[in-house]
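Commentary on secondary and tertiary structure
Each chain is listed here by its residues.
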Amino acid sequence: MENIKIAASLICADPLNLEKEVNELIQSKVDLIHFDVMDGSFVPRYGLYPEILRAIKSKENCPLVDVHIMSENPEDFIEIFALYGADYFNFHIEATKHPHRVIKKIINSGMKPGIALNPNTSVDSLKWMIQDIEMVVLMTINPGIVGHKFIPEMINKIKELRNFADQNDNRDLIIEIDGGVTPGNIKDLIEAGADALVCGNGTIFRPHEDTIVNKVKSLKTHINGI
């Protein structure tokens, strides 16, 4: 399974050692940095901010960054994150009444558009825009809460989304799983149709076990053995 992408959840990094851990992520050749932005309203906590992204993207060999906007009025964030170098811009469909307009603005900004879905949001909500997006961030825990357990029923939703994308001529859609990813459920996620795995406290940010570089290497070995 060498085509499966590992997305490091930066919000799980040690905030007092952020640069050190970003350097380790770069050294590990992780595929993506998953960058959570929260406004304290759409979800009950706060996340990362644009200036952190700008500093990360200034580093040599920085991985692609997929921004995950868990905020009301996602249009307000497009310009600043495009300016500071985001590669993917994923917004919650639940947070806007005009998703088509948001997608068009993302594309015009030079970023790749994506949509995030809460666990209880139907795949059918993507019906008229599935061909226009490059990624879906599928929440497999309740958004904004670090450390919650994976919701088992989401395995079927991954399968449903994969079939939905294929049937609507978007076979290249990246399905990114966000929440509760562990070595124990990775095989089921990949077999259901996942392409990218957001990895945080349950996988690579575990300083009591090993370095980030070694944890990413171990995870890649585990995935390639599936």
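Located above this text is the structure these notes cover.
Thresholds applied
- Residues numbered from 1 in each chain as written.
- Predicted model: local features only at pLDDT ≥ 70, side-chain atom pairs only at ≥ 80, totals over all residues.
- Heavy atoms only, no water.
- Helix = DSSP H or I, 4+ residues; strand = E, 2+ residues; numbered from the N terminus.
- Rg over C-alpha atoms; globule rule 2.2 N^0.38 Å.
- Buried < 20%, exposed > 50% of the residue type's maximum accessible area, 1.4 Å probe, protein only.
- Areas by Shrake-Rupley, 256 points an atom, 1.4 Å probe, with all protein chains shown as cover.
- Lys, Arg positive; Asp, Glu negative; His and termini not counted.
- Charge placed at Lys NZ, Arg CZ, Asp CG, Glu CD.
- Disulfide = S-S within 2.5 Å.
- Axes fitted to C-alpha atoms, helices over the stretch in contact; angles between N-to-C directions.
- Left-handed = near helix turned anticlockwise from the far one by under 90°.
- Contact = heavy atoms within 4.5 Å.
- Nonpolar A, V, L, I, M, F, W, Y, C, P; charged D, E, K, R; others polar.
- Pairing = 2+ DSSP bridges.
- Salt bridge = Lys/Arg side-chain N within 4 Å of Asp/Glu carboxyl O.
- Expected span 1.5 Å × (residues − 1).
- Arc of directions from axis to C-beta.

Description of the overall build of the protein
- Tallying secondary structure elements over the protein gives 7 helices and 8 strands in all.
- A compact globule built from 226 residues would reach a C-alpha radius of gyration of about 17 Å, and the protein, at 16 Å, matches this within 12%.
- Projected onto its principal axes, the C-alpha coordinates of the protein cover approximately 45 × 35 × 30 Å.
- Taken over 226 residues, the protein has a buried fraction of 54%.
- For the protein, the accessible area works out to roughly 10600 Å², and carbon and sulfur atoms hold 48% of it.
- Seen as two clouds, the 23 positive and the 32 negative side-chain charges of the protein have centres 1 Å apart.

Regarding the state of the cysteines
- In total, this model carries 0 disulfides according to the counting rule given.
- Cysteine C12 is unpaired, with the sulfur of C199 as its nearest cysteine sulfur at 9.8 Å.
- Of the residues examined, C12 reaches a relative accessible area of 16% and is grouped as buried.

Remarks on the packing of helix 1 (residues 18-28) against helix 7 (residues 212-224)
- Relative orientation of the contacting elements helix 1 and helix 7 amounts to 35 degrees, with a least axis distance of 8 Å. Crossing geometry of helix 1 relative to helix 7 is assigned as right-handed. Where helix 1 abuts helix 7, its residues E21, E24, L25, Q27 and S28 lie against I212, V213, V216 and K220.
- Residue composition of the contact of helix 1 with helix 7, grouped by class: 4 nonpolar, 2 polar and 3 charged.

Side note on the sheet that holds strand 1 (residues 5-9)
- The sheet built from 8 strands closes into a barrel, its strands ordered 1-2-3-4-5-6-7-8 with parallel pairing. Between one strand axis and the next, the sheet turns by 25 degrees as a mean value, whatever way the strands run.
- The pairing of strand 2 (residues 32-38) with strand 3 (residues 64-70) spans 7 bridges and is parallel. Bridge pairing links D36 to H68 in strand 3.
- Most of the contacts of helix 5 (residues 154-167) go to strand 6 (residues 135-139), to which it runs at about 165 degrees, and overall it touches strand 5 (112-117), strand 6 and strand 7 (174-178).

Observations regarding the pattern of salt bridges
- One pass over the structure, following the stated rule, counts 11 salt bridges.
- D195 serves as the salt-bridge partner of R162, at 2.7 Å between the closest nitrogen and oxygen. Pair noted here: R162 is in helix 5 and D195 is in the loop between helix 6 (186-192) and strand 8 (196-199), with a separation of 33 residues, a long-range link.
- We classify R162 as buried; its relative accessible area is 13%.
- E209 serves as the salt-bridge partner of R206, at 2.9 Å between the closest nitrogen and oxygen.

Overview of helix 7
- The end-to-end C-alpha distance of helix 7, which contains 13 residues, comes to 18 Å, matching closely the 18 Å that a straight helix rising 1.5 Å per residue would cover.
- Every buried residue of helix 7 is accounted for by I212, V213, K215, V216, L219 and I223. Seen end-on, helix 7 carries its buried residues on one side only, within an arc spanning 165 degrees. For helix 7, exposure combined with an orientation more than 90 degrees from the buried face picks out K217 and T221.
- Of the surrounding secondary structure, the elements contacted by the buried residues of helix 7 are strand 1, helix 1, helix 6 and strand 8.

Quick look at unusual backbone geometry
- Here K29, not a glycine, exhibits a phi torsion of approximately 60 degrees, which is positive.
- One can find K29 in the loop between helix 1 and strand 2.
- At D169, a position not held by glycine, the phi torsion is positive, near 60 degrees.
- Examined against the element boundaries, D169 turns out to sit in the loop between helix 5 and strand 7.

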